[in-house]
Amino acid sequence: RKRAVRDDDDDDDSTRGFEPDDDAKTDDDDDRCTIDGQDNAAVTDVFDINDRSSVTLKNLVIRRAAADGVNIALTGDTYDPVRLTFINVEFSDNGDDGIDITTDDDDNVEIVFRDVVATGNTGDGIQLTVNGGAAVASYEVTFKNVVATGNGAAGVNADTPLAAAGSSLVYTVDESNFSDNTAQGFFLDAADINDAGDVAVTITETTANNNGGTGIELDDVAADDDDDEVMVTIKKTVANGNTGHGIEIDGSAEDVHFFTAVIEQVTTNGNTLDGIHVDMNSDLSFVVGLDDVTANSNDNRGVFIESSGDLVLPVVAEVVLQDVVAKDNGNGGATDNNVRIIENNAGASLDVKLVNVRTSGAKDGSNVFVEETGAGRLDVTLDGVVANGSVGASGVQISETGGGTLALHVDGKVSTSGNSDDGLLLTENGQGIEIDPSLEAVSGSGNGGVLARANGVIVKA
């Protein structure tokens, strides 16, 4: 690709490299230099770097290149370690990506974006790609105060799988905004991780609103070895009004390993799919915890957590929801719930705790639906649960359909009123239903069915 080349003579520059913008090249407010491709077809990339393992760009505005604002391709040779740093840089209005970085997965890579803006680019604001390799490597990326908005594709598009045994993947995002993009706000795809090491993704104080795809999408974020751990943490984050899920976490893998997802102080309202969508889709042990979460008026479900696989060994599956509000979901007309939790692994036991969970107005499904389809044990604890006014279904529905045992622990008040069917519906077709200590704390009125029913038998009218 051609590079932009400074030209200070008096010749006609209409078909040559960029011409610095005399009015904009030095901004007294932020003391940045502006490099402007002026939409000239001869200026493909403003910076095209393919032979440096250490790059630092600071205090720059890079805009209006015909292709990428910055293209960095470190492949084919050994560039190890790779250290790339971008501080107080703007990539705007470029003909393709704002910045496009490609490395090999046998490189150890560290990338830092701090005080970076990527906006109005025809492609992605920031694109990161890893080519397949075979050696052990680490890949660590930090986004601090990054604004990637209004781009023609994703705000951030990170296709960064690591194929080597023992490799590791770390993403840290803080105080950033990925909104109003044509595709996803923040998209991480680690689909080809094989026998990888630990994976850690941490997102805090971040906004991803009104994107044409999912607000924050973490796809195939999983290791593939029973000694490895995956940790996803999302805190103090908002993902509203996206054409897709608000937040999606996909922990797919092939072998048993441990996956932890912590979602705290998060709001996901008005998305066209689920507010929060966690899909393990694999044979793994996992813990998912939601605390202080609001997921209202999404077209599908407010909160959806699922694990599906064919493993016959016992799998640890634990879900804890505390201080969660999920109301008026199912606006898209599908049969959906405010909260839906399902475990499909054949040998798994599912332990669910719902504490101070307030739901109402599911449009065409139970407000809360917890299900175990394998032959394991389903333990559900209810404490301070409100489930009112579902349309066409029950307030709380709990089912063990794979031939295992259903155990219900009522540790605090459960209020379920004004639902189309029963207030509390328990079903099981294997080892029976255990209720501890009793249904004394369950109350409600105005349900279309009874207050509580277990395997077709009225247990509380």
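Please read all numbers here as calculations on a predicted model, not as lab measurements.

Secondary structure assignment for the protein chain yields zero helices and 34 strands. Across the protein chain, the fraction of contacts at a sequence separation of at least 24, relative to all contacts at a separation of at least 6, is 82%. Of the roughly 16,800 Å² that the protein chain leaves accessible, carbon and sulfur atoms contribute 42%.

Moving on, we come to the nonpolar core. Grouped together as the largest cluster of nonpolar side chains are 99 residues, with contacts concentrated most on Phe86, Phe113, Leu128, Phe143, Tyr171 and Leu321. Sequence-distant contacts of Leu128, that is, excluding residues within four places in its chain, are made with Ile101, Ile111, Phe113, Tyr139, Val141, Phe143, Asn157, Ala158, Asp159, Thr160 and Tyr171.

Further remarks concern the packing of aromatic side chains. The tally for this structure, following the rule as stated, stands at eight aromatic pairs. With centroids separated by 5.1 Å and ring planes inclined at 15°, the aromatic side chains of Phe86 and Phe113 adopt a geometry described as stacked. Of this pair, Phe86 sits in strand S5 (residues 82-92) while Phe113 sits in strand S7 (residues 109-119), placing them 27 residues apart in sequence. Phe113 shares its class with Phe86; the two are buried.

Across the six residues that make up strand S8 (residues 126-131), a large majority, five, are buried. As paired elements, strand S6 (residues 99-104) and S8 share six bridges and run parallel to each other. If you follow Asp104 over to S8, its bridge partner there is Asn131. In this sheet, strand S10 (residues 156-159) lies alongside S8 in parallel orientation, the contact comprising four bridges. Across the sheet, Leu128 pairs through a bridge with Ala158, a residue of S10.

With that settled, the discussion passes to unusual backbone geometry. The omega torsion across Asp436 and Pro437 is -10°, close enough to zero to call that bond cis. Position of Pro437 relative to the elements: it lies in the loop between strand S31 (433-436) and strand S32 (442-443). One non-glycine residue with positive phi stands out, namely Asp115, at about 55°. Structurally, Asp115 is set in strand S7. Here Asp115 falls in the partly exposed class, since its relative accessible area comes to 33%. Phi is positive for Asn356, which is not a glycine, with a value near 55°.

Here we come to the pattern of salt bridges. Applying the stated criterion across every chain yields a total of 13 salt bridges. A salt bridge links Glu175 to Lys144, with the nearest nitrogen and oxygen atoms 3.0 Å apart. Taken together, the residues span a long stretch of sequence, with Glu175 in the loop between strand S11 (168-174) and strand S12 (186-189) and Lys144 in strand S9 (residues 138-149) at a distance of 31 residues. Its relative accessible area of 29% is what places Lys144 among the partly exposed residues.

Scored by pLDDT, the protein chain comes out at a mean of 85, with 83% of its residues at no less than 70. Within the model, pLDDT remains below 50 along residues 1-29, and this stretch shows 52 contacts once partners closer than five positions in the same chain are excluded.

We now examine the side chain of Asp422. Within the secondary structure, Asp422 sits in the loop between strand S29 (414-415) and strand S30 (424-428). Of note is the side chain of Asp422, whose polar atom sits 2.8 Å from the backbone nitrogen of Val450. A distance of 2.7 Å separates the side chain of Asp422 from the side chain of Arg453, its partner in a polar contact. Other than its neighbours up to four places away in sequence, Asp422 contacts Ser394, Gly395, Asn447, Gly449, Val450 and Arg453.

Moving on: the environment of Asp292. Mapped onto the secondary structure, Asp292 falls in strand S19 (residues 285-294). Using a relative accessible area of 41% as the deciding quantity, one classes Asp292 as partly exposed. For the pair Asp292 and Ile263, spaced 29 residues apart in the sequence, the C-alpha separation amounts to 8.4 Å. With residues up to four places along the chain from it excluded, the contact list for Asp292 reads Glu264, Gln265, Val266, Gln322 and Asp323.

Moving on to the pairing of strand S22 (residues 339-343). For S22, the tally of buried residues reaches five of five residues, placing the bulk of the element in the interior. By the alternation rule, side chains of S22 split into Val339, Ile341 and Glu343 and Arg340 and Ile342, which are all buried.

This next bit is on the environment of Val232. With respect to the helices, strands and loops of the structure, Val232 is situated in strand S15 (residues 229-238). Residue classification places Val232 among the buried positions, given a relative accessible area of 0%. Considering only alpha carbons, one finds Val232 and Leu218, 14 residues apart in sequence, at a separation of 9.2 Å.

Now for the side chain of Thr260. Along the chain, Thr260 turns up in strand S17 (residues 258-267). In this view, Thr260 contacts Val230, Met231, Val232 and Val287; residues no more than four positions away in its chain are not counted.

In this section: the environment of Leu290. When you line up the elements, Leu290 lands in strand S19. Not counting chain neighbours up to four residues away, the residues in contact with Leu290 comprise Ile263, Ile276, Val303, Ile305, Val320, Leu321, Gln322 and Val324.

How each quantity is defined
Residues numbered from 1 in each chain as written. Predicted model: local features only at pLDDT ≥ 70, side-chain atom pairs only at ≥ 80, totals over all residues. Heavy atoms only, no water. Helix = DSSP H or I, 4+ residues; strand = E, 2+ residues; numbered from the N terminus. Contact = heavy atoms within 4.5 Å. Areas by Shrake-Rupley, 256 points an atom, 1.4 Å probe, with all protein chains shown as cover. Core = buried A, V, L, I, M, F, W, Y, C linked by side-chain atoms within 4.5 Å. Buried < 20%, exposed > 50% of the residue type's maximum accessible area, 1.4 Å probe, protein only. Phe/Tyr/Trp six-rings, centres within 6.5 Å; stacked < 30°, edge-to-face > 60°. Pairing = 2+ DSSP bridges. Salt bridge = Lys/Arg side-chain N within 4 Å of Asp/Glu carboxyl O. pLDDT = per-residue confidence, 0-100. Polar contact = N/O pair within 3.5 Å; in protein donor to acceptor, adjacent residues only side chain to side chain.

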